[in-house]
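What follows is the residue order along each chain.
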Amino acid sequence: AQSWHRLPLRGRALKKASDRAIRTPNLRIRIVGPTNKMVNRVHGRYLWHFLRDYVRPGTTYSQRTGFNGGNVCELKNGTSIQLMSYEQTPDAHAGDDLDLIVLDEPPTPAIYAESEGRLFSRDGDLWLTFTAVGRPVKWLKEIVLPAEGPREWEFHQVALTPENVPWMTRRQVRDRVRRVS
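Residues numbered from 1 in each chain as written. Predicted model: local features only at pLDDT ≥ 70, side-chain atom pairs only at ≥ 80, totals over all residues. Heavy atoms only, no water.

Focus: the overall build of the chain
At step 1: Counting its regular elements, the chain contains five helices and seven strands.
At step 2: Traced from its N-terminal end to its C-terminal end, the chain shows the element sequence α-β-α-β-β-β-β-β-α-β-α-α.
At step 3: Here the chain holds 181 residues, and the buried ones make up 35% of them.
At step 4: Nonlocal contacts in the chain, meaning residues at least 24 apart in sequence, comprise 58% of its contacts between residues at least 6 apart.
At step 5: Entry remark: accessible area of the chain is about 10,800 Å², with carbon and sulfur atoms responsible for 49%. (Helix = DSSP H or I, 4+ residues; strand = E, 2+ residues; numbered from the N terminus. Buried < 20%, exposed > 50% of the residue type's maximum accessible area, 1.4 Å probe, protein only. Contact = heavy atoms within 4.5 Å. Areas by Shrake-Rupley, 256 points an atom, 1.4 Å probe, with all protein chains shown as cover.)

Now the structure itself:
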């Protein structure tokens, strides 16, 4: 078993979100990934690993169908974790008031705007996890790193090293660094 600090960035973010969900009752959390398939198979698997002892009795998880055949994981303490994807329309991301949203990989501007709007009434947090190299995210960079004015974001940049991306070989890391340098 890996210790949590050796997990990829996605796994670390989901571990931290899970820890918050366990500690604080009645949170409303949303995890958003690129595809429905990935959300069930990858994000759901991480959440099940971290939360299986804290979910409501009778809860099931399957990589194919998610939690209880749907997209919501409910904990004994009243916290709910909703799983969504970028395959859904921006309107599908509207309507809920949330405490935390984890956007894994760059969202579309419309989904980002909907996500940001879901956090105001509960003074929630928005976490973004992705590698920005070679991505069309200029619009997002302008929001996250404004040229001037107050900066209300915590920005964490993780070095591209074999230790931080254990799923890549040393050669793959070296080649990727060369391409972007």
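Moving on from the coordinates now.
Here we look at the confidence of the model for the chain
At step 1: In this model, the chain carries a mean pLDDT of 85, and residues with pLDDT of at least 70 account for 83%.
At step 2: For the stretch residues 1–5, pLDDT sits under 50, and the model shows five contacts to residues farther than four places along the chain or on other chains. (pLDDT = per-residue confidence, 0-100.)

Structural notes on the packing of helix H1 (residues 9–23) against helix H2 (residues 36–51)
At step 1: Their axes nearest at 9 Å, the elements H1 and H2 cross at an angle of 50°. The orientation of H1 relative to H2 falls into the category oblique. For H1 against H2, the interelement crossing comes out right-handed. Two secondary-structure elements touch here, H1 through Arg10, Gly11, Leu14, Lys15, Ser18 and Ile22 and H2 through Met38, Val42, His43, Tyr46, Leu47, Phe50 and Leu51. (Axes fitted to C-alpha atoms, helices over the stretch in contact; angles between N-to-C directions. Parallel < 35°, antiparallel > 145°, perpendicular 65-115°, else oblique. Left-handed = near helix turned anticlockwise from the far one by under 90°.)

Brief notes about the packing of aromatic side chains
At step 1: Counted according to the given criterion, the structure contains five aromatic pairs.
At step 2: Residues Trp48 and Phe67 carry aromatic rings whose centres are separated by 6.1 Å and whose planes lie at 55° to one another, so their mutual orientation is tilted. Residue Trp48 is located in helix H2, and its partner Phe67 is located in strand E3 (residues 66–67); the two are separated by 19 residues in the primary sequence.
At step 3: One aromatic cluster is present, formed by Trp48, Tyr61 and Phe67 through successive ring pairs. (Phe/Tyr/Trp six-rings, centres within 6.5 Å; stacked < 30°, edge-to-face > 60°.)

Some points on the nonpolar core
At step 1: Counting residues in each nonpolar core, the largest one holds 21 residues, and the members touching the most others are Ile29, Ile31, Leu47, Leu51 and Ile81.
At step 2: Those elements that place two or more of their residues in this core are H1, strand E1 (28–33), H2, strand E5 (80–85) and strand E6 (100–104).
At step 3: Among the elements that take part in this core, H2 stands out by supplying five residues, more than any other.
At step 4: Apart from the residues within four sequence positions on either side, Ile29 is in contact with Ala17, Ala21, Thr79, Ser80, Ile81, Gln82, Leu98 and Leu100.
At step 5: By size, the runner-up hydrophobic cluster in this structure holds 13 residues, among which are Ile111, Tyr112, Leu140 and Val144. (Core = buried A, V, L, I, M, F, W, Y, C linked by side-chain atoms within 4.5 Å.)

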